[in-house]
Amino acid sequence: MDRSRRNLLTSLLAAYNADPGSPTGRVAAYLLERFGSLSQISSRDVMAAADVTRPELRSAVTALGLADFADVARCGGEWPLFRDYFLAYMASGGDAGRLRSEIDRLYDSVDAALGTPVTASLVSSLHDARSVVVLTADSSAAALAEFQRAMVMEGRLMRLVCESDPKEALLASLGPADLLVAVSTSGGSVKRCLDLLEGCEAWKVLVSACDDELVQTPFDDALLIGHAMTEGEPLHRVFATYGVAYLFDRIFAEYAGERGPERGRAAAE
């Protein structure tokens, strides 16, 4: 089963941001500038334009998480996938006024979810679990990285694992005393790794806007926000960015509030 969606775009941007002048950074820049035509690019094109040798290109391909250069062409389908993801809301006729309205409605659903036993249980589990792993679709990774940093300030270290690199061995090693939080607004990333989740023995909580029973089956609890969401629909990106960021900011506030300000000062001392 395809447990992950290898996001070449994510890997290319990481390499380019890390060191754009390095051989791998130059290869990444060339591929990013031609992301819409990956299937038409040859290894000789890249070596000439990025000024890299064949060994340097081979090393860059490995650093990008690919088996060989042929995998670059196989990732050509990412262009329409990501383009649809980022432009779907605009293409549906969404303007600034409608976007604000949708965000307000989404925030209202998050506020309502915060008053439920599921949220209270999640906050307690974040505190009591032996270890915490958050498995997220790449689309929500930035918001959850902020949550991860905030939780460090409250003395809780968490592991953030993205769909494009799901760390099968890590998830398989978790036991009943551990907490796995899977964040997938549309449920798509969960569907792609159902077998992995079903074999994980941690206490598992789903955070999603998808009410599909298949998606919820591997989990012990589910925190649902917004309306029923499907992958690729116009509001998908709105939920994955604004919704997840607001939800986990509120969860952090609940977590820090329960423990109290004295705890934070004591940790600093």
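Residues numbered from 1 in each chain as written. Predicted model: local features only at pLDDT ≥ 70, side-chain atom pairs only at ≥ 80, totals over all residues. Heavy atoms only, no water.

## Points about the side chain of Ser140
Spelled out, the test is: Numbering goes from the N terminus for both helices and strands, where a helix is a DSSP run of H or I of at least four residues and a strand is a run of E of at least two. In protein, a polar contact means a hydrogen-donor-capable atom and an acceptor-capable atom, both N or O and within 3.5 Å, with residues adjacent in sequence counting only if both atoms are side-chain atoms; elsewhere, any N or O pair within 3.5 Å suffices. Residue contacts are counted whenever heavy atoms from the two residues lie within 4.5 Å of one another.
Here Ser140 is to be found in the loop between β1 (132-136) and α9 (141-152). Of the polar contacts made by the side chain of Ser140, one reaches the backbone oxygen of Ala240; its length is 2.9 Å. The residues contacting Ser140, other than those within four sequence positions of it, are Val183, Ala240 and Val244.

## Here's the deal with α9
Just so we agree on the cut-off: Expected helix span is taken as 1.5 Å per residue step, with the number of steps being one fewer than the number of residues. Relative accessibility thresholds used throughout: buried, under 20% of the residue-type maximum; exposed, over 50%; partly exposed, between the two (1.4 Å probe, protein chains only).
Under the 1.5 Å per step criterion, the end-to-end length of α9 is 17 Å for twelve residues, consistent within 8% with the ideal 16 Å. The set of residues buried in α9 consists of Ala141, Ala143, Leu144, Ala145, Phe147, Ala150 and Met151.

## Some points on the confidence of the model for the protein
Test applied: Confidence per residue, as judged by the predictor, is encoded in pLDDT with a range of 0 to 100.
For the protein, the mean per-residue pLDDT works out to 85, and 86% of the residues sit at or above 70. Contacts for the low-pLDDT stretch residues 1-5, under 50 throughout, to residues beyond four places or in other chains number 20 contacts.

## Some points on the packing of aromatic side chains
The condition that has to hold: Under the pairing criterion, centres of Phe, Tyr and Trp rings, with the six-membered ring standing for Trp, must be within 6.5 Å; the plane angle then separates stacked pairs below 30 degrees from edge-to-face pairs above 60, leaving the rest tilted.
One pass over the structure, following the stated rule, counts two aromatic pairs. Consider the rings of Tyr107 and Tyr246, whose centres lie 4.1 Å apart with planes at 25°: the pair is stacked. With a gap of 139 residues between them, Tyr107 in helix α7 (residues 96-114) and Tyr246 in helix α14 (residues 236-259) connect regions that are remote in the sequence. Here Phe147 and Phe248 contribute two aromatic rings whose centre-to-centre distance is 5.0 Å and whose plane-to-plane angle is 65°, an arrangement assigned as edge-to-face. Here Phe248 lies in helix α14 and Phe147 lies in helix α9, a separation of 101 residues in the sequence. The same class applies to Phe147 as to Phe248, namely buried.

## A short note on helix α1 (residues 8-18)
One turn of the α-helix equals 3.6 residues, which is why residues spaced by three or four share an orientation. Cut-off, in case you're wondering: Here the arc refers to the directions that run from the helix axis out to each C-beta atom.
Along α1, the positions that sit buried rather than exposed are Leu8, Leu9, Ser11, Leu12 and Ala15. Buried residues in α1, looked at end-on, bunch into an arc of 165°, giving them a common side. The outward face of α1, more than 90 degrees from its buried face, is lined by the exposed residues Asn17 and Ala18.

## A closer look at empty space enclosed by the protein
Quick reminder of the rule: The definitions used throughout rest on a 1 Å grid laid over the protein atoms alone, on which a cavity is an enclosed set of points accommodating a 1.4 Å probe that cannot get out and a pocket is an open set flanked by protein within 12 Å on both sides along at least five of seven lines; lining residues are those having an atom within 4 Å of a point. Grid points are joined across faces, edges and corners, and a volume is the space filled by probe spheres set on the points.
Here the structure, examined in full by the defined rule, presents one cavity of 30 Å³ or more. Estimated volume of the largest cavity: approximately 40 Å³. The wall of the largest cavity is formed by Leu135, Thr136, Ala137, Glu163, Ala182, Val183, Ser184, Ser189, Val190 and Cys193. Broken down by secondary-structure element, the contributors of at least two residues to the lining of the largest cavity are β1, β3 (179-183) and α11 (188-191).

## What to know about the pairing of β3
Test applied: In short, DSSP must find at least two bridges between two strands for them to pair.
Within β3, five of the five residues are buried, leaving the element largely enclosed by the surrounding structure. Here β3 shows two buried faces, one formed by Leu179, Val181 and Val183 and the other by Leu180 and Ala182. Two elements, β1 and β3, share five bridges in a ladder whose sense is parallel. Considered in β3, the bridge of Leu135 is made with Ala182. Pairing of β3 with strand β4 (residues 203-208), which is carried by five bridges, proceeds in the parallel orientation. Paired with Ala182 across the strands is Leu206, a residue of β4.

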